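Structural overview for review
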Amino acid sequence: MQLQHTIGGMTYSFRDLKDLLAKATPLRSGDELAGVAASSAVERAAAQMALADLPLRTFLKETIVPYEEDEVTRLIADSHDPAAFAPVSSLTVGGFRDWLLSDEATGEVLSGLAFGLTPEMVAAVSKLMRVQDLVAAGRKIQVVSRFRTTIGLAGRLSTRLQPNHPTDDVIGIAASMLDGLLLGSGDAVIGINPATDNVETTATLLRLIDAVRERYAIPTQSCVLAHVTTQMAAIERGAPLDLVFQSIAGTEKANASFGITLAMLDEAHAMARELGRGGENLMYFETGQGSALSADAHHGMDQQTCEARAYAVARRYKPLLVNTVVGFIGPEYLYDGKQILRAGLEDHFCGKLLGLPMGCDVCYTNHAEADQDDMDTLLTMLGTAGVNYIMGVPGADDVMLQYQSTSFHDALYLRQVLGLKPAPEFEAWLASDHASRLSEASPLHLTAGASACHKL
Amino acid sequence: MPQALSTLRRYTPARVALPSTGVSLATSEVLAFQLAHAQARDAVHVPLHLPSLALRLQQEAGVSQTLQLTTSAPDRAQYLRNPGLGRKLSDASRTQLVHGSYDLAIIVADGLSALAVERHAVDTLAALLPMLAEWTLAPIVLLTQARVAVGDEIGEALGAKCSLVLIGERPGLSSADSLGAYPTWDPRVGKTDADRNCVSNIRYGGLEPKAAAAKIFWYLQEAKRLGLSGTALKDGGIVELLNS
């Protein structure tokens, strides 16, 4: 197959599909760091033109990472649904973009397509899309998931309440929970990143969330974002765990750097099902462009294609929540506000098109060239694109993870300007006596309940 | 604001119970946030002065022998853009490491906050070193423009069974001076993050240096006992240890 494009007598050739995808990717520091980016703006434009002419079917014939070497590739190939692919099987990548933006591609049609598409196809088309295209197409696709709340309905915006504390102090965490709940945050999940990954802390924090949830009849879910093996140990010790969390990536080797395999996730998923606390959607995954390269596990792929492959891992488990932590990893992968903005919208679009209930941690670190204005821009565009949920961190300042995410107030702003509401169950709770009872409580009430009910 | 809410800030350093106007934040909080961000931005770029760190380690922690080294990152700008440079020693530094037979190689490095090292590394080591009486220690390595994984190369070159990297974490808004500690059993080039453990947020107001030292020591002992570190090593005993 010829992978080349000629512009004004100059022919640009591309070694293979992987090379073409990388060079067609809009500029970002991580691809430059990996040495896979286009060497000039014109080479990038040529790659995008060559990619536009490529039949989508090519992605079913050529693998980017060898089938024999990588269990994520095997998962992608083995779970491909040819019947679902049929409606777009004759299109080129460029034709696919046109079709996605056409009136023919309704939300319902797009939802039916999800398992017919591979992550590489979806990554490819996104590289030809401007941010308004990513918003327009992303907005069409509704992916609804359910536990105690229903997340992803049209006209709704949910939040993960993220009440982290630098030393996992339960009263400190309760204080942030209280503040967030009363500002309408927490309908996607109350999810705590523990400062230390240990079974004892994980179990204690799960008990805290569960006791508060039960006492105030809050329709939400609990999660402590320790390593999956720590959570499994906590389940074995009887901790009231609703959602199993894990960070995931798009190659077997990158997942190995997280200390996970698909078999391990299968086992955790089976344990969560056995608990019987929810329905179908029991998992919570986080991803982010750059994680594969940071583990030297990218196999020469661009970081956005790696990211889309992580969504194949996620969708195997019908998760309740998936979010990219878009600016967390640092400027060596996404250098500035402009790169973070595009990556956040790409991830949302690609995840939704692959059938995932996508949220986004709209965020940046202090060594990146970004600030609150950049976050406001991404937040507002994601809201327009119909993002399922964002984070709720007190004052946008995560005092444990040392980065800036979105605040309770940011979510209120977005709900107000776009006319969005929380999940219906949570909306009803906010108007109930239970919520007014909570407004009288102090963090000491919350934790006193937790330890009295569930002394270890 | 209800009475209970106004007292929330007593219980957490997080930005709870913020003054607002409509659904937006009040001017005072917006400006306070911008200032904190400006301070954190500056913290990323302050350099670590190794000679004065060596002197303080000698005076306050009884460390007689240190090696002052650099990584392959020539300056801060390239360090930020290309983390690989911070994971590799400079050629000149590599020749200064003499292979021996050690239980532990300790590395103190700037990372993303020299401020963290200046404020907490000496106190952490002053508490930790007396616990390590039975461990044979390599000369302590002090390092600039460094990332955590450089400890693998150093530990391997020194012939250490275990490495411990104390390094400045990326600055947050409320704490630009958090130190992290990463024990790695059998340090060798090519180890991944899953092969190490992490004690983070070491600072006054976070995990204080003395408590951090106890926690680090627990990891080191367990790593030695089990012959491994990383995700396979769980710290279930930590809570009891810290409460005792």
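Worth saying up front: this structure is predicted, and the values here are computed from it rather than measured. (Residues numbered from 1 in each chain as written. Chains lettered and ligands numbered in written order. Predicted model: local features only at pLDDT ≥ 70, side-chain atom pairs only at ≥ 80, totals over all residues.)

1. Looking at the overall build of chain B
The condition that has to hold: Elements are defined by DSSP. Helices are runs of H or I of four residues or more, strands are runs of E of two residues or more, and each kind is numbered from the N terminus. Three exposure classes are used. Buried residues have 20 or more other C-beta atoms within 10 Å of their own C-beta, exposed residues have 12 or fewer, and partly exposed residues fall in between, all C-beta atoms being placed from the backbone. Distance between backbone-placed C-beta atoms decides contact: two residues are in contact if it is within 7 Å.
Scanning chain B for helices and strands turns up 10 helices and eight strands. Principal-axis analysis of the C-alpha atoms gives chain B an extent of 65 × 45 × 35 Å. Each of the 244 residues in chain B was classed as buried or not, and the buried ones make up 49%. A separation of at least 24 residues holds for 71% of the contacts in chain B among residues at least 6 apart in sequence.

2. Side note on the overall build of chain A
Here is the rule: Atoms counted for the radius of gyration: C-alpha only. Globule rule: 2.2 Å times residue count to the power 0.38.
When its secondary structure is counted, chain A shows 23 helices and 14 strands. Taking 23 Å as the expected radius of gyration for a compact globule of 456 residues, we find that chain A reaches 22 Å, a close match to that expectation. By residue count, 63% of the 456 residues in chain A fall in the buried class. Considering only contacts within chain A whose residues lie at least 6 apart along the sequence, 78% involve residues at least 24 apart.

3. Notes on the confidence of the model for chain A
Keep this limit in mind: pLDDT: the predictor's confidence for each residue, scored from 0 to 100.
Summing up the model confidence of chain A, the mean pLDDT is 96 and the portion of residues at 70 or higher is 98%. Scored below 50 in pLDDT, residues 452-456 of chain A shows three contacts in the model against residues more than four places distant or in partner chains.

4. Quick notes on the interface of chain B and chain A
What counts is decided by this rule: In the scheme used here, Gly and all other residues not listed as nonpolar or charged are polar, with Ala, Val, Leu, Ile, Met, Phe, Trp, Tyr, Cys and Pro taken as nonpolar and Asp, Glu, Lys and Arg as charged.
Taken together, the contacts link 48 residues of chain B with 48 residues of chain A. Contributions of two or more residues to the side of chain B that touches chain A are made by helix H1 (3-6), strand E2 (24-25), helix H2 (27-45), helix H4 (76-81), strand E8 (199-202) and helix H10 (238-243) of chain B. With five residues, the single largest contributor to the side of chain B that touches chain A is H2(B). Of the residues in the side of chain B that touches chain A, the class split is 24 nonpolar, 16 polar and eight charged.

5. Points about the sheet that holds E8(B)
All names here are of chain B. For clarity, the cut-off: For two strands to be treated as a pair, DSSP must find no fewer than two bridges joining them. For helices, the axis comes from a line fit to the C-alpha atoms of the stretch in contact; other axes are also lines fit to C-alpha atoms, and the angle between any two N-to-C directions lies between 0 and 180 degrees.
Read across the sheet, six strands follow the order E3-E5-E4-E6-E7-E8 without closing on themselves; strand pairing throughout is mixed. Pairing within the sheet leaves two strands with one partner each, and these edge strands are strand E3 (66-70) and E8. With direction set aside, neighbouring strand axes in the sheet form an average angle of 20°. Together, strand E4 (102-109), strand E6 (160-168), strand E7 (179-185) and E8 form the strand contacts of helix H7 (residues 114-128), whose direction differs from that of E6 by roughly 130°. Its contacts with the sheet put helix H9 (residues 209-226) on E4, E6, E7 and E8, and the angle it makes with E7 is roughly 10°.

6. Let's talk about the environment of Leu208(A)
Summarising the element assignment, Leu208(A) is placed in helix H12 (residues 199-215). Of the residues examined, Leu208(A) has 27 C-beta atoms within 10 Å and is grouped as buried.

7. Topic: helix H19 (residues 372-385) of chain A
Residues and elements named next belong to chain A. Note the following rule: Helix span is expected to be 1.5 Å times the residue number reduced by one.
Between the first and last C-alpha of H19 there are 20 Å, a value that for 14 residues agrees with the 20 Å anticipated at 1.5 Å per step. Within the span of H19, buried status applies to Asp 374, Met 375, Leu 378, Leu 379, Met 381, Leu 382, Gly 383 and Ala 385. Considering only its buried residues, H19 is in contact with helix H10 (131-140), helix H18 (337-353), strand E11 (358-361), strand E12 (389-392) and helix H20 (408-418). The first or second residue beyond H19 is Gly 386, which carries a positive phi of 85°.

8. Side note on the packing of helix H1 (residues 17-24) of chain A against helix H3 (residues 41-52) of chain A
Residues and elements named next belong to chain A. Rules: Roughly parallel covers angles under 35 degrees, roughly antiparallel covers those over 145, roughly perpendicular covers 65 to 115, and oblique covers all other angles. Take the far helix as the reference: if the near one is turned anticlockwise from it by less than a right angle, the crossing is left-handed, and if turned clockwise, right-handed.
Relative to each other, H1 and H3 sit at 125°, their axes nearing to 8 Å. Taken as axis vectors, H1 and H3 run oblique relative to one another. In this structure, H1 meets H3 at a crossing whose hand is left-handed. Side by side, H1 and H3 meet where Leu 20, Lys 23 and Ala 24 of the first sit next to Glu 43, Arg 44, Ala 47, Gln 48, Ala 50 and Leu 51 of the second. Residues that form the contact of H1 with H3 fall into these classes: five nonpolar, one polar and three charged.

9. What about the nonpolar core?
Stated precisely, the cut-off is as follows: Definition of nonpolar core: a set of buried Ala, Val, Leu, Ile, Met, Phe, Trp, Tyr and Cys residues joined via C-beta atoms within 7 Å.
Core analysis: the biggest nonpolar cluster contains 162 residues, and Val244(A) and Tyr284(A) have the highest contact counts within it. Ranked by residue count, the leading element in this core is H12(A), at eight residues. If we ignore the near neighbours within four places in the chain, the residues touching Val244(A) are Val228(A), Gln231(A), Ala268(A), His269(A), Ala272(A), Leu282(A), Met283(A) and Tyr284(A). Formed by 61 residues, the second largest nonpolar core is a distinct cluster that contains Ala105(B), Leu115(B), Ala149(B) and Ile202(B).

10. Some words on unusual backbone geometry
Residue and element names in this part refer to chain B. You will see that Gln 145, though not glycine, has its phi angle at about 50°, which is positive. Residue classification places Gln 145 among the buried residues on the basis of 23 C-beta atoms within 10 Å. With a phi angle near 60°, Asn 201 is a residue other than glycine that sits in the positive phi range. Here Asn 201 is to be found in strand E8.

11. Some remarks on the environment of Met381(A)
All names here are of chain A. With respect to the element layout, Met 381 can be found in helix H19. Sequence separation of Met 381 and Leu 134 is 247 residues, and the distance between their C-alpha atoms is 9.8 Å. Apart from residues lying up to four places away in sequence, Met 381 is in contact with Val 131, Val 135 and Leu 345.

12. Topic: the packing of helix H3 (residues 50-61) of chain B against H7(B)
Residues and elements named next belong to chain B. Contact geometry of H3 with H7 gives a least axis separation of 9 Å together with a crossing angle of 35°. The element H3 and its partner H7 pack so that their crossing is right-handed. Here Leu 53, Arg 56, Leu 57, Glu 60 and Ala 61 of H3 lie close against H7, whose contacting residues are Val 117, Val 122, Leu 125 and Ala 126. Taken together, the residues that form the contact of H3 with H7 break down as seven nonpolar, no polar and two charged.

13. Concerning the pairing of strand E6 (residues 189-192) of chain A
Residue and element names in this part refer to chain A. Selection criterion: For a crossover, the right-handed case is the one in which the path from the first strand over the helix to the second runs clockwise, viewed with the strands pointing away from the viewer.
The alternating pattern of E6 places Val 189 and Gly 191 on one face and Ile 190 and Ile 192 on the opposite face, and all of these are buried. Here two bridges tie strand E5 (residues 158-161) to E6, and the two strands are oriented parallel to one another. For Leu 161, the partnering residue across the bridge sits in E6 and is Ile 190. Following the backbone out of E5, through helix H11 (residues 170-182) and into the adjacent parallel E6, one traces a crossover that is right-handed. Two strands pair when backbone bridges link them, and E6 and strand E7 (residues 222-224) are joined in this way by three bridges, in the parallel orientation. Looking at the pairing, Ile 192 lines up with Val 224 of E7. At this point the chain moves from E6, through H12, to the parallel E7, and the crossover so formed is right-handed.

14. Overview of the environment of Val109(A)
All names here are of chain A. Its location among the elements puts Val 109 in helix H8 (residues 107-113). Residue classification places Val 109 among the partly exposed positions, given that 15 C-beta atoms sit within 10 Å. Separated by 25 residues in sequence, Val 109 and Ala 84 have C-alpha atoms that sit 10.0 Å apart.

15. Description of the confidence of the model for chain B
Residue and element names in this part refer to chain B. Of all residues in chain B, 93% have pLDDT values of 70 or greater, and the mean over the chain is 92. Here residues 237-244 is a poorly scored stretch, pLDDT under 50, and it has 10 contacts once near neighbours within four places are set aside; other chains count. Predicted complex metrics record ipTM = 0.94 and pTM = 0.88.

16. Some points on H7(B)
Residue and element names in this part refer to chain B. The condition that has to hold: We define the bend at any residue as the angle between the axes fitted to the seven residues before and including it, ending there, and the seven starting there.
Between its terminal C-alpha atoms H7 stretches 20 Å, which fits the 21 Å expected from 15 residues at 1.5 Å a residue. Residue His 120 marks the point of greatest curvature in H7, where the axis turns by about 45°. Judged by how many residues are buried, H7 sits mostly within the fold: 11 of 15 residues are covered. Within H7, the full set of buried residues consists of Ala 114, Leu 115, Ala 116, Val 117, His 120, Ala 121, Val 122, Asp 123, Thr 124, Leu 125 and Leu 128.

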